[in-house]
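# Working through the structure, step by step
Residue strings, one per chain:
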Amino acid sequence: MPDDSPVITSDVRNDALRLLSNGVFVLTACAGDRLHAATISWVSQVSIQPPLVLVALRRNSHLAQVVRQGRRFALNILAADQAKVAEKFFGFVSEPLTTETLMGFAYRAGPGRCPLLTEGLAWLECRLDAEPQAPGDHTLMLGEVTGAGVRRADAPMVLWNTPWSYGGVRES
Amino acid sequence: MPDKDITREVLRMFSYGLYVAASTGPEGPCAATVSWVTQASFDPRLIMVALRKGTAICETVRASRLFALHLVGSDQAEFAKTLFKISRPSPDEIAGYHFSIRGTGVPVFDVALAWLECEVVEEAGRDGDHTLFVATVLSSGIQTPNALPLALRSTPWHYGG
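Residues numbered from 1 in each chain as written. Chains lettered and ligands numbered in written order. Predicted model: local features only at pLDDT ≥ 70, side-chain atom pairs only at ≥ 80, totals over all residues.

## Regarding helix H1 (residues 62–70) of chain A
For an α-helix, the turn length of 3.6 residues means that residues three or four places apart are oriented alike. All names here are of chain A. The following threshold applies: Around each residue's C-beta, the other C-beta atoms within 10 Å are counted; 20 or more make the residue buried, 12 or fewer make it exposed, and counts in between make it partly exposed. All C-beta atoms are placed from the backbone. The numbering of helices and of strands both runs from the N terminus, where a helix is a DSSP run of H or I of at least 4 residues and a strand a run of E of at least 2. In this description, one arc is meant: the one made by directions from the helix axis to the C-beta atoms. Here, residues touch in the contact sense if the C-beta positions derived from the backbone fall within 7 Å of one another.
Those residues of H1 lying buried are Leu-63, Ala-64, Val-66, Val-67 and Gly-70. Taken around the axis of H1, the buried residues stretch over an arc of 165°, which confines them to a single face. The secondary structure elements touched by the buried residues of H1 are strand E2 (25–31), strand E3 (34–40), strand E5 (52–58), strand E6 (72–77), strand E11 (122–130) and strand E12 (138–150).

See the structure below:
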């Protein structure tokens, strides 16, 4: 299982940290003439005015590198019944710009060139605003929202309602 | 600039829990319901909590560097709702919710289904209207085993967007 994706675990309730509620997102980026994508969960809004979101990405991951390089990222919100989509992006996905799909899923280029999955419920595109200093094995990236779209208003996927967990203490 | 209404709608599709943050300042204990929380590191165990700048809880955490984050259970919407509003604390309860003070001075509510006692290690968020507190988890407890946390989505409330 790659570093930035949820791990399957049988007992998610033995640790208070695992009781934190998170959504499930496919983060996408465009950098170095390639498209990149991976499923993530540590995401929160952190400001209303201006609208800022935080994503926590494993510090030395490819994903963190391509966001830094491209200075932009998109968050694709998955629907409650799209576990199969999330699963496809548990590994770091990187494809040439000419690719017609990402892991078989159609996309359209966003205004900031990030690929937006047409299967997703909704998307946000962000400009990397800051990467504040913080200790830990994940780096915090703050994005200012530059674009948004809703495709359908179904229930989003919550990490709670999946067989996966990403949080608490890593079991490796 | 993105359309504000659409941005708000998408931001409100994010998933959050409901939490009660509590800290002790010069004027005594202070608590508030919050929802912008995520884990931020496995090793060390860090969480990020974003608190609106200028609020009592934000200023108290900035000063004390210590806080407790309580998990609100799926059947405890009233606990969260009560602490949306600022209320005057007494030495061992806020709005009728009893707490005990841990060795660090942090108040921990009896009713919470679980809690994390945290120490701030970094502050961020200069560009926004909330301060981001990155905090290490000093200790934690589950007071109600097998309880489900309350999801913001399953309440009539919104925060953010």
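This is not the end of the story, as more comes after the structure.
## Considering the confidence of the model for chain B
Residues and elements named next belong to chain B. Applicable threshold: Every residue gets a pLDDT, meaning the predictor's confidence in that residue, from 0 to 100.
Here chain B averages 93 in pLDDT, while 99% of its residues score no lower than 70. Confidence, read as mean pLDDT per element, is least for strand E6 (residues 93–94) in chain B (92) and greatest for strand E5 (residues 66–71) (98). Overall fold confidence for the complex sits at a pTM of 0.92, while the interface term, ipTM, reaches 0.94.

## Some words on the interface of chain A and chain B
Note: interface size is frequently given as the accessible area lost on complex formation between the parts. Definition in use: Under the convention adopted here, Pro, Cys and the residues Ala, Val, Leu, Ile, Met, Phe, Trp and Tyr are nonpolar, Asp, Glu, Lys and Arg are charged, and Gly plus all remaining residues are polar.
Each side of the interface is counted separately: chain A has 46 residues, and chain B has 47 residues. Counting residues per element, the side of chain A that touches chain B draws most heavily on E12 of chain A, at 8 residues. Residue composition of the side of chain A that touches chain B, by class: 28 nonpolar, 14 polar and 4 charged.

## A closer look at the pairing of E12 of chain A
Residue and element names in this part refer to chain A. Condition: Two strands qualify as a pair provided DSSP detects at least 2 bridges between them.
The buried fraction of E12 amounts to 10 of the 13 residues, a majority that puts the element mostly inside the structure. Bridge count between E5 and E12: 7 bridges; the pairing is antiparallel. Bridge pairing in E12 links Ala-56 to Leu-140. For E11 and E12, the ladder comprises 8 bridges, and the chain directions are antiparallel. Counted as the bridge partner of Leu-128 is Gly-143 from E12.

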